Amino acid sequence: MIGSVAAALIAIWFYNTAARSGRPAISWAVSGVVVYFLAAVLWTLIVTPAIKDTASHTQNGVLVFIVQYAYIGFGAAVAVSINAWLNKAA
């Protein structure tokens, strides 16, 4: 649920950024969501299994939080970085 809200906010942000930089708004918003979800999926497949194993053995609250929600922050950080990099180039 929170990941979907983050994706919607990223789509809105990319949409507004496209209007200012002269890019097609809908395709730019879709691109932002795709970047977000690809980064989130990569985080989930590569990093989460190792952290999940550690979290299940130590019962550390911070590790459990990272397992459940870190993909959102990572996906958003990658989307922000890509948007800033592409707008800097334009």
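Residues numbered from 1 in each chain as written. Predicted model: local features only at pLDDT ≥ 70, side-chain atom pairs only at ≥ 80, totals over all residues. Heavy atoms only, no water.

**Thoughts on the side chain of T48**
As for its position among the elements, T48 is in helix 3 (residues 48-58). With residues up to four places along the chain from it excluded, the contact list for T48 reads W43 and V67. (Helix = DSSP H or I, 4+ residues; strand = E, 2+ residues; numbered from the N terminus. Contact = heavy atoms within 4.5 Å.)

**Some details on the nonpolar core**
Among the nonpolar cores identified, the biggest contains 10 residues, and these are A6, A7, I10, F14, A18, A25, W28, Y36, I72 and A79. If you list the elements that add at least two residues to this core, you get helix 1 (2-21), helix 2 (25-46) and helix 4 (61-89). In terms of residues, this core owes the most to one element, helix 1, which gives 5 residues. Setting aside anything within four residues of it in sequence, one finds Y36 in contact with G3, A6, A7, I10, Y71, I72, G75 and A76. Among the nonpolar cores identified, the runner-up in size contains 5 residues, and I51, A55, V67 and A70 belong to it. (Core = buried A, V, L, I, M, F, W, Y, C linked by side-chain atoms within 4.5 Å. Buried < 20%, exposed > 50% of the residue type's maximum accessible area, 1.4 Å probe, protein only.)

**So, the packing of helix 1 against helix 2**
Packing of helix 1 against helix 2 brings their axes to within 8 Å, and their N-to-C directions diverge by 140°. Every pair of crossing elements has a handedness; the one defined by helix 1 and helix 2 is right-handed. The residues of helix 2 that touch helix 1, namely those facing G3, A6, A7, I10, A11, F14, Y15, T17 and A18, are A25, I26, W28, A29, G32, V33, Y36 and F37. Across the contact of helix 1 with helix 2, the residue classes tally to 14 nonpolar, 3 polar and no charged. (Axes fitted to C-alpha atoms, helices over the stretch in contact; angles between N-to-C directions. Left-handed = near helix turned anticlockwise from the far one by under 90°. Nonpolar A, V, L, I, M, F, W, Y, C, P; charged D, E, K, R; others polar.)

**Looking at the packing of helix 2 against helix 3**
Put simply, helix 2 and helix 3 touch, their axes get as near as 4 Å, and they point 45° apart. Between helix 2 and helix 3, the angle falls in the class oblique. Where helix 2 approaches helix 3, its residues W43, T44, L45 and I46 are matched on the opposing element by T48, P49 and I51. In terms of residue class, the contact of helix 2 with helix 3 is built from 5 nonpolar, 2 polar and no charged. (Parallel < 35°, antiparallel > 145°, perpendicular 65-115°, else oblique.)

**Regarding the packing of aromatic side chains**
We describe a pair of aromatic rings using the distance from one ring centre to the other and the angle between the two ring planes. According to the stated counting rule, one finds 4 aromatic pairs in the structure shown. The lysine or arginine in question, R23, covers the ring of W28, its NZ or CZ lying 4.4 Å from the ring centre. (Phe/Tyr/Trp six-rings, centres within 6.5 Å; stacked < 30°, edge-to-face > 60°. Lys NZ or Arg CZ within 6 Å of the ring centre and 35° of its normal.)

**Side note on the confidence of the model for the protein**
Per-residue pLDDT for the protein averages 87, and the proportion of residues at 70 or more is 98%. Of all secondary-structure elements in the protein, the lowest mean pLDDT belongs to helix 3, at 77, while helix 2 reaches the highest, 93. (pLDDT = per-residue confidence, 0-100.)

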